[in-house]
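Architecture and fold: a report
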Amino acid sequence: MNLKKTMLAASTAAMILGAALPGTASAAACSVSDVQVTSVGQFSSTSADATMTTYNIAPMDAAACAGGYDGNDMPKPSINLGYAGDGLLNGALQTRTGEDLFPGGAFITDEYPTSDLRGDGTADDPGWVMLGRIDLNRDGTGTFVPEAVGGDTSIVLASFFTVTSNGDGTGTWAFTPDAAVASRTEALFGKNYFDQFALVFKQAREFAAYDFTAAQFGVAHPSVDVPIFHFGGTFDISKTLGRGLSHVSLWARDPASLNTVPEPGVLGLLGLAALGLAGVRRRFASR
Ligand SMILES: [Ca+2]
Ligand SMILES: [Ca+2]
């Protein structure tokens, strides 16, 4: 009896099962309603002195979720420009288990496909940039630690992300980039710098990732000319991950730049937000 071979067979079977099941072993399946957006804001312009107007909206579920998965959400990216294989959401194998949790990249769809960000001739780059992470203290608060983006530490500021945990698997979060961030990213990311963001919640042994798309908020493909949005919301990961929370990572996706005219989505978003997006969407859809 070759123990190594037996273990290999068992892990292969687990991987095949894992392809059909969300996560492996003890982890429960996530629900898109675990994490919701409850407010959306937008700056008055793209200049540094812009003012913010915030609207409360009908709670909006994540567009998609992944997990729960056993283990940690590692490796984090090193170059951090969304290249294929650079970081877990870009298809890197999970550090401890070697599992391919996000083959080809996380939350890739027809509307939000991979592209050739690296410029090597292959459209295989998922585009996920890790903005940073908050480790939660015992009192449910923590400080956001930004990541360098392409070696540049001036892009992501410590003010971009806050999380408050109630200690029972619930709490609130806010993604609050400054008005001028798009112009700081343009040299690295081009005109289209953002089209999805993801929150990754990690408790003691498991994690789950929750994805929101720009399309959910009425501007499917924001360009640097569209004033920056803020997003605030709630989380309840108690059914998926349990009551503990050790950290929350924040990611945003850089798509290929598009040769399209600016979308007339700014006023559309504010109107939809004020009225409650879900109801409005349903009415439009029924026409
Ligand atoms: Ca490429
Ligand atoms: Ca881009």
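Quick summary incoming for the structure in this document. Computed from a prediction, not measured in an experiment: that's the story for all the values here. (Residues numbered from 1 in each chain as written. Chains lettered and ligands numbered in written order. Predicted model: local features only at pLDDT ≥ 70, side-chain atom pairs only at ≥ 80, totals over all residues.)

A cis amide bond, omega -5 degrees, links Gly67 with the succeeding residue Gly68. Residue placement: Gly68 occurs in strand E3 (residues 64-70). The step from Met74 to Pro75 runs through a cis peptide bond, and the omega angle for that step is 10 degrees. Mapped onto the secondary structure, Pro75 falls in the loop between E3 and strand E4 (128-135). With a phi angle near 65 degrees, Asn80 is a residue other than glycine that sits in the positive phi range. Within the secondary structure, Asn80 sits in the loop between E3 and E4. (Helix = DSSP H or I, 4+ residues; strand = E, 2+ residues; numbered from the N terminus.)

This next bit is on the pairing of strand E6 (residues 161-165). Judged by which residues are buried, E6 turns out to be one-sided: Phe161, Val163 and Ser165 face inward and are buried, whereas Thr162 and Thr164, on the alternate face, are not. As defined by bridge partners, E6 adjoins strand E7 (residues 170-175) across five bridges and the pair is classed as antiparallel. Looking across to E7, one finds that Val163 is bridged to Trp173. Between E6 and E7, which pair antiparallel in sequence order, lie four residues; one of them, Gly167, sits at a positive phi of approximately 85 degrees. (Buried ≥ 20, exposed ≤ 12 C-beta atoms within 10 Å, placed from the backbone. Pairing = 2+ DSSP bridges.)

The strand order across the open sheet built from six strands is E3-E9-E8-E11-E4-E5, with neighbouring strands paired in antiparallel fashion. Only two strands of the sheet have a single partner each, and these edge strands are E3 and strand E5 (144-146). Across the sheet, the mean angle from the axis of one strand to that of its neighbour is 20 degrees, orientation sign disregarded. The pairing of strand E8 (residues 196-202) with strand E11 (residues 247-253) spans seven bridges and is antiparallel. Counted as the bridge partner of Phe197 is Ala252 from E11. (Axes fitted to C-alpha atoms, helices over the stretch in contact; angles between N-to-C directions.)

Let's shift gears to the nonpolar core. Counting residues in each nonpolar core, the largest one holds 69 residues, and the members touching the most others are Leu131, Ala198, Leu199, Phe201, Ala208 and Trp251. Every residue in contact with Phe201, bar those within four places of it in the chain, is listed here: Phe207, Ala208, Phe235, Ile237, Leu241, Leu245 and Val248. (Core = buried A, V, L, I, M, F, W, Y, C linked by C-beta atoms within 7 Å. Contact = placed C-beta atoms within 7 Å.)

Further remarks concern the sheet that holds E7. For sheets, the rule is that strands pair by backbone hydrogen bonds, running either parallel or antiparallel. A sheet is described by the order of its strands in space; here five strands give the open sequence E2-E1-E10-E7-E6, paired in antiparallel fashion. The open sheet is flanked by strand E2 (52-61) and E6, the only strands paired with a single partner. For this sheet the average axis-to-axis angle between neighbouring strands, irrespective of direction, equals 15 degrees.

Looking now at the pairing of strand E10 (residues 229-236). Put simply, side chains in a regular strand alternate between the two faces of the sheet. Residues Phe229, Phe231, Gly233 and Phe235 of E10 are buried on one face, while the alternating residues His230, Gly232, Thr234 and Asp236, pointing to the opposite face, are not. Here strand E1 (residues 35-43) pairs with E10 via seven bridges, running antiparallel. Residue pairing in the sheet places Ser39 in a bridge with Gly232 of E10. Looking at chain direction, E7 and E10 are connected through six bridges and run antiparallel. Bridge pairing links Thr172 to Thr234 in E10.

Residue position: Ser154 is located in the loop between E5 and E6. Taking the C-alpha atoms as reference points, Ser154 and Val181, 27 residues apart in sequence, are found 9.4 Å from one another.

For helix H2 (residues 181-189), the complete set of buried residues consists of Val181, Ala182, Thr185 and Phe189. Within H2, the buried residues cover an arc of 80 degrees as seen down the axis, which keeps them to one side. In the segment just after H2, Gly190 is the residue with positive phi, at about 80 degrees. (Arc of directions from axis to C-beta.)

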